[in-house]
Amino acid sequence: MRGKKRKVEVAYENEPPREEGRPKMLRTSVRVLARSLAASSSASASSSSSSAAVAGAAAASSSMPALESVLANAVYRPSARTTARRRATRSERPQRHSSSSSSSSSASSLSSAAAKPEGRVKVEQQQQQQQYRSALLESVPPQDTERAAKEPENWRALWSAVEQMRSRQVAPVDTMGCSEVGDKTASPRVFRFQTLVALMLSSMTKDETTAAAIAKMQNHWPDGLTLENVHAASEREIDSLICKVGFHNRKASYLKRTAEILVKQHNGDIPDTLKGLVALPGVGPKMAHLCLQAAWHKTVGIGVDIHVHRISNRFKWVRTNTPEQTREALEDWLPRPLWRPINKMLVGFGQTVCSALRPKCSDCLANELCPYGRSKLRHVRAAETRKKNAAKAKAEQNGEKNETKKK
């Protein structure tokens, strides 16, 4: 498909300068055309003996300086439509940052988040949390002999390495976790209920999807996501609001039944005990522990989800088969001041580095301390060695074949 032809006009010395400038490409192309015309005229004059051809070649060669002087003052004048389109594109083009950190290929998601004001606030909060957890680890007093004997080897070095990596990147749990999606400007009772709802929706669902569902429920009702609105809504209406989360049909039934129980048995508030929270439909031990920590600021146990369970087993901190077994094993030796921060730290680490399917062991700072990382790197290096040996053997075989053919 042919493009539209550009409108080209030539202006002379007396005209005022144009804001678009005088492109060199236009002057050069026209000058080359004029010189080629003069050369062809000279060639025709040499091949022909007529005096008219000789006179034409002389005239063409004598007019070259005048033609070049006109072209030197020529400008490219785009059409009005082209000018308007360029101005609109220029105004919509994002601003380029001159800092070298923004253009570096090795810049992390933390530096890209710091380019925006709201991202900078999250980065500062993340750094403050990292400093708090690091100071908390240093301030943990030595445990008694029985608990200290159960501590895994190098667990403090692993904790420090994970903390260092977590301070470089902002994970989804830091901005869209269940303790972050509630309306903190609402009353404490409403915030506690929103935290419980977020935890109930988070099962088998990514943090991004959970945050989007909570935002949709907040915008659906004029006064936001409250116990009264959920209690008055039908199960079908609740299901339409949370249809993006996993097992939304079952969770809609859990939310409806939970709202009825809270209104009838708990005076419109969520329970403040582990036993009361676990008794609610769809609430397990992990949700109950995290809800007590985020809503009531009580730490009676460790909230263990799939990330904490997976990474704890990879670190050989525990040897368990279920998250509940992992919780009991961690509580058996981990110092109590670290029971609350371990969940957010390992969940973010699992979301950014130590994923389930393709962990980034080569980029992990703890790959020499982690038994899983050491094994993974050994297999990777062995595979690379086998690949190099195979390539070398193939090259030698091809060389032998070539020598045989020459002979």
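For the structure itself, consult the block above.
It should be emphasised that the depicted structure is a prediction, and the values quoted were computed from it without experimental measurement.

> Got a minute to help me understand the nonpolar core in this structure?
Grouped burial of nonpolar side chains is what soluble globular proteins tend to show. Core analysis: the biggest nonpolar cluster contains 36 residues, and Leu201, Met217 and Ile242 have the highest contact counts within it. Among the elements of the structure, α11 (188–201), α12 (207–220), α13 (227–232), α14 (235–241), α15 (248–265) and α17 (285–295) are those that each provide at least two residues to this core. Take this core: its biggest share by element is seven residues, from α11. Those residues within four positions of leucine 201 in sequence are excluded, and the remaining contacts are Thr210, Ala213, Ile214, Met217, Ile242, Val245, Lys251 and Leu255. Leu158, Ala161, Val304 and Ala366 belong to the second largest nonpolar core, which has 30 residues in total.

> Sorry if this is basic, but what is going on with the packing of α11 against α15 here?
Packed helix pairs are specified by the crossing angle of their axes together with the interaxial distance, meaning the distance between the axes. Contact geometry for α11 and α15: axes closest at 10 Å, N-to-C directions at 150°. Our classification of the angle between α11 and α15 gives roughly antiparallel. When the axes of α11 and α15 are compared, the crossing they make is right-handed. Counting all contacts with α11, which are made through Phe193, Leu196, Val197, Met200 and Leu201, the residues of α15 involved are Lys251, Tyr254, Leu255, Thr258 and Leu262. In terms of residue class, the contact of α11 with α15 is made up of eight nonpolar, one polar and one charged.

> So what exactly am I meant to see when it comes to the packing of aromatic side chains here?
The description of two aromatic rings rests on the distance between their centres and on the angle between their planes. A complete count under the given rule lists five aromatic pairs for this structure. A ring pair is formed by tryptophan 155 and tryptophan 159, whose centres lie 6.4 Å apart and whose planes are at 90°; its orientation type is edge-to-face. With a gap of four residues between them, tryptophan 155 and tryptophan 159 both fall in helix α9 (residues 155–166), about one helical turn apart. Exposure class is identical for tryptophan 155 and tryptophan 159. Each is buried. Put simply, the rings of Trp155, Trp159, Phe315, Trp317, Trp333 and Phe349 touch in pairs and so form one group of aromatic residues. Above the face of the tryptophan 296 ring, arginine 192 is positioned so that its terminal group lies 4.2 Å from the ring centre.

Here is what the cut-offs are and how they apply
Residues numbered from 1 in each chain as written. Predicted model: local features only at pLDDT ≥ 70, side-chain atom pairs only at ≥ 80, totals over all residues. Heavy atoms only, no water. Core = buried A, V, L, I, M, F, W, Y, C linked by side-chain atoms within 4.5 Å. Buried < 20%, exposed > 50% of the residue type's maximum accessible area, 1.4 Å probe, protein only. Helix = DSSP H or I, 4+ residues; strand = E, 2+ residues; numbered from the N terminus. Contact = heavy atoms within 4.5 Å. Axes fitted to C-alpha atoms, helices over the stretch in contact; angles between N-to-C directions. Parallel < 35°, antiparallel > 145°, perpendicular 65-115°, else oblique. Left-handed = near helix turned anticlockwise from the far one by under 90°. Nonpolar A, V, L, I, M, F, W, Y, C, P; charged D, E, K, R; others polar. Phe/Tyr/Trp six-rings, centres within 6.5 Å; stacked < 30°, edge-to-face > 60°. Lys NZ or Arg CZ within 6 Å of the ring centre and 35° of its normal.

Nothing here speaks to function; it is all geometry.
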